[in-house]
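# Understanding the architecture of this molecule
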Amino acid sequence: MCNLYSMTSNQRAILGLARATRDSTGNLPPLPAIYPDTMAPVVRQAGNGEREITIMRWGMPGPEQYGGHPVTNIRNTRSPHWRRWLGPAHRCLVPVTSFSEWQDTKPRKTPVWFALSEERPLFAFAGIWTTWTGVRGTKADPVEGEHELYGFLTTEANGVVGPIHPKAMPVLLTQPDEMDTWLEAPWEVAKELQRALPDADMLIVARGNRKDPA
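Residues numbered from 1 in each chain as written. Predicted model: local features only at pLDDT ≥ 70, side-chain atom pairs only at ≥ 80, totals over all residues. Heavy atoms only, no water.

## Here we look at the nonpolar core
If you look at the biggest cluster of nonpolar residues, it comprises 56 residues, and the most contacted ones within it are Tyr5, Phe99, Phe125, Tyr150 and Trp182. With 6 residues, strand β10 (residues 123-137) is the single largest residue contributor to this core. Of all hydrophobic cores here, the second largest spans 5 residues; its members include Trp113, Ala115, Val205 and Ala206. (Core = buried A, V, L, I, M, F, W, Y, C linked by side-chain atoms within 4.5 Å. Buried < 20%, exposed > 50% of the residue type's maximum accessible area, 1.4 Å probe, protein only. Helix = DSSP H or I, 4+ residues; strand = E, 2+ residues; numbered from the N terminus.)

## Side note on the pattern of salt bridges
Summed over the entire model, instances satisfying the criterion amount to 13 salt bridges. For glutamate 184, the salt bridge goes to arginine 51, with nearest N and O atoms at 2.6 Å. One end of the pair, glutamate 184, is in helix α3 (residues 176-184); the other, arginine 51, is in strand β5 (residues 51-58), and 133 residues separate them in sequence. Ionic pairing is found between arginine 120 and aspartate 212, a salt bridge with its closest N-O pair at 3.0 Å. Taken together, the residues arginine 120 in the loop between β9 (110-115) and β10 and aspartate 212 in the segment after β14 (203-207) connect sequence positions 92 residues apart. In this pair, the class of arginine 120 matches that of aspartate 212, namely buried. Within this structure, Arg22, Arg44, Glu50, Glu52 and Glu148 form a network of salt bridges that share partners. (Salt bridge = Lys/Arg side-chain N within 4 Å of Asp/Glu carboxyl O.)

## A few points about unusual backbone geometry
Cis geometry is adopted by the peptide bond preceding proline 107, which originates at lysine 106 and carries an omega value of 5°. Among the secondary structure elements, proline 107 is positioned in the loop between β8 (98-103) and β9. The residue aspartate 37 is not glycine, and still its phi comes out positive at about 75°. The topology assignment puts aspartate 37 in the loop between β3 (31-34) and β4 (39-45).

## Topic: the pairing of strand β11 (residues 142-155)
Sheet topology places β5 next to β11; 2 bridges connect them, and they run parallel. Paired with arginine 57 across the two strands is leucine 149, which belongs to β11. The sheet contact formed by strand β6 (residues 73-74) and β11 spans 2 bridges and is parallel. Across the sheet, asparagine 73 pairs through a bridge with phenylalanine 152, a residue of β11. In this sheet, β11 lies alongside β10 in antiparallel orientation, the contact comprising 11 bridges. Bridging across to β11, arginine 136 finds its partner in valine 143. Sheet topology note: the β11/strand β12 (residues 169-170) ladder contains 2 bridges and is antiparallel. Within β12, the residue paired with threonine 155 across the bridge is methionine 169. (Pairing = 2+ DSSP bridges.)

And the structure:
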């Protein structure tokens, strides 16, 4: 389960890769360590068809039968709980430059960072988003009200991620046409993107750091 990633690229690069035309994030700093329940940039399709970069909180509302706890990674897209958000209106791109999985080492787990290359070029997770009203944040700093929340899809791990985290890996989108399909196509077409990136297209770039040391 990916619960740590980084986004150290700039807004111009996000606008270009996602073919977005509007940016409502203000001054977006590099984010070398993004954890669940924190705020991070996403790209979504607005009602008028314009793509925008905005800021949302990481963690979708989970199924009520399991306590409704925030869910960061979504695998079972056949579940009625997730199906409601699989249409284009609720899909988004989550800009990323690297992501981490935790290797089961002793005495403590080791974060291992993955990227498309040593240069950490920009790509995106295939995300979904929704609005939700309630309390999020920490006990020390609770935030009550309406939130825009996001999570992203996972799939079977490939040969690069699998030795570190065999259960799953995020769905990575690297090409503008894939991002167009994810944001715009019917689910019967877009669902084909829920697959692992080929081994040759990514590598391990760092180990042992809780922030990407790029």
